[in-house]
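Listed below are the residues making up each chain.
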Amino acid sequence: MKYIALAAAIAVMASGCTTYDAYTGEEKTSKTAIGAGIGASVGAVAAYLANKDEKSGTRNRRILAAAAGGGAIGGGIGYYMDSQEAELRKKLRGTGVSVERVGDNVNLVMPGNITFGSGRSAIASDFYEVLDSVAIVLKEYDKTLVVVAGHTDSDGSADFNQKLSEERANSVSNYLKSQGINQVRLEPVGFGESQPLASNSTAEGKQQNRRVEITLVPATE
């Protein structure tokens, strides 16, 4: 419940963080609001994991057992995630994917305009190379749970958006699996239109809300 409350609180903060273009008068989403929205998305992931799996210790032990060398994360969780974050930033520079740090989690935000065609769940062919780069880092830092979350804007019915978000999350998860990421680490989930980064009342906001996020959660004993 504490994860759900945290996610809700951050979402409320994000809803008030908008600015207006002085020339056009159009509402724009501030960087603070986007950051708060990403924090809310990670909070939603934490709530989902807490509600889905009360035996997280068992899951973490399976991830660590499958990792190279096995055992707990050496050098401390913070250092391990710092190193992984730095490598991802280097690999993903200029790709359109943003790398965000939320506590001990690393979050990759992949905009819908570069990952999928409109209303489709098949990965865009020119995005495979980006996912290949992500997979390289995930294989090197193999002591993390990889939560792949699909998100949509509010166009269309809630049922359609929920299904589309799940299909997109599964597409990315399955591709990472095909690139050698152990299935025990992969957790696809669809959030539909429930976790917007920005207002759905503008085209800019809708574009930001159509996305896939990959949240890397350290596996601890």
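Just above, that's the structure.
Overview of the structure. (Residues numbered from 1 in each chain as written. Predicted model: local features only at pLDDT ≥ 70, side-chain atom pairs only at ≥ 80, totals over all residues. Heavy atoms only, no water.)

**As for the packing of helix α4 (residues 77-92) against helix α6 (residues 128-140)**
Working step 1: Here α4 crosses α6 at 160 degrees, and the two axes come no closer than 10 Å. One element, α4, and the other, α6, form an angle in the roughly antiparallel class. Crossing handedness for the pair α4 and α6: right-handed. On α6, the residues that touch Gln84, Glu87, Leu88, Lys91 and Leu92 of α4 are Val130, Ser133, Val134, Ile136, Val137, Leu138 and Glu140.
Working step 2: The residue inventory of the contact of α4 with α6, partitioned by class, reads seven nonpolar, two polar and three charged. (Axes fitted to C-alpha atoms, helices over the stretch in contact; angles between N-to-C directions. Helix = DSSP H or I, 4+ residues; strand = E, 2+ residues; numbered from the N terminus. Parallel < 35°, antiparallel > 145°, perpendicular 65-115°, else oblique. Left-handed = near helix turned anticlockwise from the far one by under 90°. Contact = heavy atoms within 4.5 Å. Nonpolar A, V, L, I, M, F, W, Y, C, P; charged D, E, K, R; others polar.)

**So, the packing of aromatic side chains**
Working step 1: Counted according to the given criterion, the structure contains three aromatic pairs.
Working step 2: Taking 6.5 Å as the distance between ring centres and 80 degrees as the angle between the ring planes, the aromatic pair formed by tyrosine 48 and phenylalanine 191 counts as edge-to-face. Here tyrosine 48, found in helix α2 (residues 31-52), pairs with phenylalanine 191, found in the loop between β6 (186-190) and α8 (203-209); they are 143 residues apart in sequence, far enough to count as distant.
Working step 3: Considering the side-chain rings of tyrosine 80 and tyrosine 141, the 5.4 Å spacing of their centres and the 75 degrees angle between planes classify their relative orientation as edge-to-face. Of this pair, tyrosine 80 sits in helix α4 while tyrosine 141 is found in the loop between α6 and β5 (144-151), placing the two residues 61 residues apart along the sequence. Of the two residues, tyrosine 80 and tyrosine 141, neither departs from the other in class, the shared state being buried. (Phe/Tyr/Trp six-rings, centres within 6.5 Å; stacked < 30°, edge-to-face > 60°. Buried < 20%, exposed > 50% of the residue type's maximum accessible area, 1.4 Å probe, protein only.)

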